[in-house]
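Survey of secondary and tertiary structure
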Amino acid sequence: GKKMSINKVIKFFYKEIDFKTWLNVIFNFIFNFLIIISEVLFLSTFFILLNGKTKSEYINVLFQKFEFYFASKIDNIGFTELYLIILIFFLVLKNILILANNIHYNTFIFGLSVKKSSKILTTYINKTYEEFSKKDISIYIKQLVRDVEIVFVGIFGLIITFTSELIYVLILIFLYPI
């Protein structure tokens, strides 16, 4: 069998994926970044409710600014009530972002799979009968359905997910250094 190297995979995706798809990938990373930020802020709000502060100076400064801003806007609100409102806000925001990201990601990744399957089907349709009949019909169906989905939903989707998770870890390391 053919050995699949990382270099070949990168060249394949670079050749097969158009600019609009790369913009969708970047948009997906922006979505993931916003989800990560909202999740970090949600968890930080929770820790502040429990301990009065977090281990991250960046987050503590941000929440001091929140307190100052909201204290001037809302009279007669206590520390706990303010942070519960902030906690609920970040929880709702995070879930809305996750829902929107899942819709965007699935639409774009499965749309990509459909586009590539259509391109392959067009290639098969343009073959002569003699060329087409050299392979069993089940091989064509497997290539159109399973193989394209494995490549684009499986491999490309996993690369996008892995990169997003790596960004998440790097943000956490930046915000909460050991």
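The paragraphs below set out a description of the structure included in this document. Worth saying up front: this structure is predicted, and the values here are computed from it rather than measured. (Residues numbered from 1 in each chain as written. Predicted model: local features only at pLDDT ≥ 70, side-chain atom pairs only at ≥ 80, totals over all residues. Heavy atoms only, no water.)

Structural notes on the overall build of the protein
Looking only at helices and strands, the protein features 6 helices and 0 strands. Counting from the amino terminus, the protein carries its helices and strands in the arrangement α-α-α-α-α-α. The C-alpha radius of gyration computed for the protein amounts to 24 Å, which surpasses the reference 16 Å derived for 178 residues by more than 25%, pointing to a less compact arrangement than a globule. Counting only C-alpha atoms, the protein reaches 80 × 30 × 25 Å along its principal axes. Per-residue burial for the protein yields a buried fraction of 29% across its 178 residues. Long-range contacts, defined here as pairs at least 24 residues apart, represent 77% of the contacts in the protein between residues at least 6 apart. Taken as two groups, the 19 positive and 13 negative side-chain charges of the protein have centres that lie 10 Å from each other. (Helix = DSSP H or I, 4+ residues; strand = E, 2+ residues; numbered from the N terminus. Rg over C-alpha atoms; globule rule 2.2 N^0.38 Å. Buried < 20%, exposed > 50% of the residue type's maximum accessible area, 1.4 Å probe, protein only. Contact = heavy atoms within 4.5 Å. Lys, Arg positive; Asp, Glu negative; His and termini not counted. Charge placed at Lys NZ, Arg CZ, Asp CG, Glu CD.)

Here we look at the nonpolar core
Soluble, globular proteins show a tendency: their nonpolar side chains are buried together. Residues Ile 59, Phe 63, Tyr 83, Ile 86 and Phe 90 are the most contacted members of the largest nonpolar core, which totals 15 residues. Going through the elements one at a time, α2 (19–51), α3 (57–73), α4 (79–125) and α6 (137–175) are the ones with two or more residues in this core. With residues up to four places along the chain from it excluded, the contact list for Phe 63 reads Leu 41, Ser 44, Thr 45, Ile 48, Tyr 83, Ile 86 and Phe 90. Counting residues in each nonpolar core, the second largest holds 12 residues, with Tyr 105, Phe 152, Phe 156 and Ile 160 among its members. (Core = buried A, V, L, I, M, F, W, Y, C linked by side-chain atoms within 4.5 Å.)

With respect to the packing of α2 against α6
Where α2 meets α6, the axes come as close as 10 Å, and the angle between the chain directions of the two elements is 35°. Crossing geometry of α2 relative to α6 is assigned as right-handed. Residues Thr 21, Trp 22, Val 25, Asn 28, Phe 29, Asn 32, Phe 33, Ile 36, Ile 37, Glu 39 and Val 40 of α2 pack against Phe 156, Ile 160, Thr 163, Ser 164, Ile 167, Tyr 168, Ile 171, Leu 172 and Leu 175 of α6. Broken down by class, the residue content of the contact of α2 with α6 amounts to 14 nonpolar, 5 polar and 1 charged. (Axes fitted to C-alpha atoms, helices over the stretch in contact; angles between N-to-C directions. Left-handed = near helix turned anticlockwise from the far one by under 90°. Nonpolar A, V, L, I, M, F, W, Y, C, P; charged D, E, K, R; others polar.)

Section: the side chain of Thr 45
Along the chain, the position of Thr 45 falls in helix α2. Note on Thr 45: relative accessible area 0%, which makes it buried. From its side chain, Thr 45 meets the backbone oxygen of Leu 41 in a polar contact 2.6 Å long. Ignoring anything within four residues of it in the chain, the contact list for Thr 45 reads Phe 63, Tyr 83, Ile 86, Leu 87 and Phe 90. (Polar contact = N/O pair within 3.5 Å; in protein donor to acceptor, adjacent residues only side chain to side chain.)

Considerations on the pattern of salt bridges
Within this structure, the stated rule accounts for 2 salt bridges. In this structure, Asp 18 and Lys 115 form a salt bridge, with 3.8 Å as the shortest nitrogen-oxygen distance. With Asp 18 in the loop between α1 (6–16) and α2 and Lys 115 in helix α4, this pair connects stretches of sequence that are 97 residues apart. Given a relative accessible area of 36%, Asp 18 falls into the partly exposed group. Exposure remark for Lys 115: the relative accessible area of 44% places this residue in the partly exposed category. The residue Asp 147 makes a salt bridge to Lys 142 at a minimum N-O spacing of 3.0 Å. Since its relative accessible area comes to 24%, Asp 147 is described here as partly exposed. (Salt bridge = Lys/Arg side-chain N within 4 Å of Asp/Glu carboxyl O.)

Details of the side chain of Ser 56
Counting through the fold element by element, Ser 56 comes out in the loop between α2 and α3. Setting aside anything within four residues of it in sequence, one finds Ser 56 in contact with Leu 175 and Tyr 176.

Section: α2
Along its 33 residues, α2 runs 47 Å from first to last C-alpha, staying within 8% of the 48 Å computed at 1.5 Å per residue. The positive-phi residue at the C-terminal boundary of α2 is Gly 52, with phi of around 90°. (Expected span 1.5 Å × (residues − 1).)

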